[in-house]
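Okay, here's what each chain looks like letter by letter:
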Amino acid sequence: MQSYHQSLEWLEKSSWAAGIRQSLWLYPALEIVHILGIVMLVGAAFLFDLRLLGFSRELPLRGLSRHLLPWSQRGLILIIPSGLLLFITNAQALGTDPVFWVKIGLILLAALNVFWFHRFIYGPFTRWGATGELPGAARLCAVISILVWVAVVACGRLLAY
């Protein structure tokens, strides 16, 4: 446990972390990039999840997926590096905060939900896509996704206070 705390201290004292903290504009810019990434990822996920739940049935799932998935991926490209850089500026406090670890656990749950959906439900889409009927598992994944992403965002906001 001591090496974990030493690692957090080392991260927080790194030149990168110090540079971000000392810059007048860098920390706020990273926050903006992080929030923009969240909007892109979670917004696209919500739109697709709402479609799975029966909203906007006139939109074809395949087309909506092809449009929204790249936006989610672009959001991740913004979220991951900005999140890591924001973390190192306050690594000691965040690394020991239970809310931070709940957030990380929820993100892992969201990733598992996405994997499960794409591998086992959406992958065999041709079986249920033509009929317009969505399997209950697709709707369950959508509900899980919405609930988990709301909780992730809530945890993120709680960490700011």
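Worth saying up front: this structure is predicted, and the values here are computed from it rather than measured.

Some words on the packing of aromatic side chains
For the structure shown, the criterion picks out 7 aromatic pairs. Judged by centre distance (6.1 Å) and plane angle (85°), the ring pair of phenylalanine 48 and tyrosine 122 falls under edge-to-face. Of this pair, phenylalanine 48 sits in helix α3 (residues 26–52) while tyrosine 122 sits in the loop between α6 (98–121) and α7 (125–129), placing them 74 residues apart in sequence. Between tryptophan 116 and phenylalanine 120 the ring centres are 4.4 Å apart and the planes differ by 45°, which places this aromatic pair in the tilted class. One end of the pair, tryptophan 116, and the other, phenylalanine 120, are both in helix α6, 4 residues apart, so they sit about a helical turn from each other. On the basis of relative accessible area, tryptophan 116 is assigned to the partly exposed category, the value being 44%. Here the aromatic cluster, defined as three or more aromatic residues joined through ring pairs, consists of Phe48, Phe117 and Tyr122.

Quick word on the environment of leucine 61
One can find leucine 61 in helix α4 (residues 61–89). With relative accessibility at 6%, the residue leucine 61 sits in the buried group. Distance in space between the C-alpha atoms of leucine 61 and tyrosine 122 is 9.8 Å, their sequence separation being 61 residues.

Observations concerning the packing of α3 against helix α8 (residues 136–159)
Where α3 contacts α8, the two axes come as close as 9 Å, and the packing angle between them is 150°. Judged by the inter-axis angle, α3 sits roughly antiparallel to α8. α8 is crossed by α3, and the crossing has left-handed handedness. Of α8, the residues touching α3 (which contributes Ile38, Leu41, Val42, Ala45, Phe46, Asp49, Leu50 and Leu52) are Ala138, Arg139, Ala142, Ser145, Ile146, Trp149, Val150 and Val153.

Examining the packing of helix α1 (residues 2–12) against α4
The geometry of α1 relative to α4 is characterised by a closest axis approach of 7 Å and an angle of 105° between their N-to-C directions. Taken together, α1 and α4 sit at an angle that is classed as roughly perpendicular. The residues of α4 that touch α1, namely those facing Leu8, Leu11 and Glu12, are Phe87, Ile88 and Thr89. Residue composition of the contact of α1 with α4, grouped by class: 4 nonpolar, 1 polar and 1 charged.

Details of the side chain of serine 82
Of note, serine 82 is situated in helix α4. Excluding residues that lie within four positions of it along the chain, serine 82 makes contacts with Leu30, Val33 and His34.

Overview of the pattern of salt bridges
Tallied over the full model, the rule gives 1 salt bridge. In this structure, lysine 13 and glutamate 9 form a salt bridge, with 2.8 Å as the shortest nitrogen-oxygen distance. Residue classification places lysine 13 among the exposed residues on the basis of a relative accessible area of 59%.

Here we look at the nonpolar core
Proteins that are soluble and globular tend to have nonpolar side chains buried together. Phe48, Leu52, Leu61, Leu68, Phe117, Ile121 and Ala138 are the most contacted members of the largest nonpolar core, which totals 13 residues. Broken down by secondary-structure element, the contributors of at least two residues to this core are α3, α4, α6 and α8. Apart from residues lying up to four places away in sequence, phenylalanine 117 is in contact with Phe48, Leu52, Tyr122, Gly123, Ala138 and Cys141. Core analysis: the next-biggest nonpolar cluster, separate from the first, contains 10 residues, Leu41, Val42, Leu106 and Val148 among them.

Conventions and cut-offs
Residues numbered from 1 in each chain as written. Predicted model: local features only at pLDDT ≥ 70, side-chain atom pairs only at ≥ 80, totals over all residues. Heavy atoms only, no water. Phe/Tyr/Trp six-rings, centres within 6.5 Å; stacked < 30°, edge-to-face > 60°. Helix = DSSP H or I, 4+ residues; strand = E, 2+ residues; numbered from the N terminus. Buried < 20%, exposed > 50% of the residue type's maximum accessible area, 1.4 Å probe, protein only. Axes fitted to C-alpha atoms, helices over the stretch in contact; angles between N-to-C directions. Parallel < 35°, antiparallel > 145°, perpendicular 65-115°, else oblique. Left-handed = near helix turned anticlockwise from the far one by under 90°. Contact = heavy atoms within 4.5 Å. Nonpolar A, V, L, I, M, F, W, Y, C, P; charged D, E, K, R; others polar. Salt bridge = Lys/Arg side-chain N within 4 Å of Asp/Glu carboxyl O. Core = buried A, V, L, I, M, F, W, Y, C linked by side-chain atoms within 4.5 Å.

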